[in-house]
Amino acid sequence: MVLFGIPMTALLGQLLLGLVNGSFYAILSLGLAVIFGLLNVINFAHGALFMLGAVLTWAGLNYLDLNFWVMLVVSPLLVGLVGIVIEKLFLRFIYKLDHLYGLLLTLGLTLVLEGVLRSMYGVSGLSYSPPITGATNLGFMIMPNYRAFVVVASIVVCLATWFVIEKTKLGAYLRAGTENPRLVEAFGVNVPLMITLTYGFGVALAGLAGVLAAPVMQVSPLMGQNLIIIVFAVLVIGGMGSIMGTIVTGLGLGVIEGLTKVFYPEASSTVVFVIMAIVLLIRPAGLFGKEK
C-alpha cells in the first residue's frame, strides 16, 4: 500500500521509531514539568543530569561490572542524590527570585558538569550494548526488542508519575506546599524537605532517561546538549507545569518528527520548533496549560 507516493511500511516504521524518540522526550520533559510546576524553577541542568545517568550506567558496567538492570535502579538514585545536593547548596536561595537566576545558575552547573566529564572521557561516544537482544518482525518492520522495552517503560513511568502527583494525597501536599507553604506546615508537613525531595525526584527521572538512552545513543558528555533544547520546546508546547500535557506532547512530537523524516527530511530537525512557534501564537500558555 502506498500513501502520497510513499510505501506504508516506511511510514509505519518511522512512526514507531519516532515513538521511541518521543518516549525520551516525554520522560525528560516530565521531569522538567514536575520541577517547574511544583518548584517554579527552570532547570537547564536537566540535559546534563540526563547525560550523567547514561555515563554512570556505562561506568557501572566497565568499572564495577554492574549490569544494566542494576544500574536502572542505582543510576537514577545517584542522579537524584546529585539533585538533592544541588537544591540544598544552590537552588533553595533563589526560589523567590526571577526565573532568570535559576536559568543562569543551572546553565552554569551544566557547563561545569559537562566540562569535568569531557576532561575525563573526551567527546567521542562510548558504546553500550543493549541488555535485551533480538527483534520482532511486525510485518512492516523489524522492531528491536530493546526499543520496544524503552517505549513501554517510559509510558509506565510517566503515567505512574502523573497518578502520584494528580491523584494521591502526597501529590496534593506537593501542590499545596508550593502555593501556601505556611498552611501545609501547620499540618505538620516538612515543606523544605518535601521541596528538596521533589527536585531530587525530577532529576532522577532525567537520570532514568539517561539509563534507557545509553544502549540507544552513543554515551557522551555532550549527549544532553541538543536534546534538552527539544525537551524545553516540548514543555512549552504542552504547557509549563502540565504533567499530562507534557507526556502527550512528548510522545506526539516524537511521532511527528519521525513522519517528517519520511515526507520532508530537511525539516525533521526544525519541525518541533515550528510547531512551538505556531502554538505560542495561538495559545501562549501551551496546548494543555492554564491561561492566567
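It should be noted that the structure appears before, not after, this text.
These figures come from a predicted structure and were not determined experimentally.

How each quantity is defined
Residues numbered from 1 in each chain as written. Predicted model: local features only at pLDDT ≥ 70, side-chain atom pairs only at ≥ 80, totals over all residues. Heavy atoms only, no water. Phe/Tyr/Trp six-rings, centres within 6.5 Å; stacked < 30°, edge-to-face > 60°. Buried < 20%, exposed > 50% of the residue type's maximum accessible area, 1.4 Å probe, protein only. Helix = DSSP H or I, 4+ residues; strand = E, 2+ residues; numbered from the N terminus. Contact = heavy atoms within 4.5 Å.

### Notes on the packing of aromatic side chains
Scanning the entire structure with this criterion turns up eight aromatic pairs. Note on Phe 68 and Trp 69: the rings are 5.0 Å apart at their centroids and 85 degrees apart in plane angle, and the pair reads as edge-to-face. Since its relative accessible area comes to 41%, Trp 69 is described here as partly exposed. Aromatic ring contacts, followed pair by pair, group Phe 68, Trp 69, Tyr 128, Tyr 146 and Phe 149 into a single cluster.

### Quick look at the environment of Ala 233
Here Ala 233 is to be found in helix 9 (residues 223–238). Ala 233 sits in the buried class, given a relative accessible area of 1%. Once the C-alpha coordinates of Ala 233 and Gly 177 are considered, the two residues, 56 residues apart in sequence, prove to be 27 Å apart. Residues contacting Ala 233, with those up to four places away along its chain left out, are Val 272, Phe 273 and Met 276.

### Thoughts on the side chain of Thr 198
In this fold, Thr 198 is placed in helix 8 (residues 191–213). In this structure Thr 198 touches Val 34, Leu 38, Leu 39 and Leu 174, once residues within four positions along its chain are discounted.

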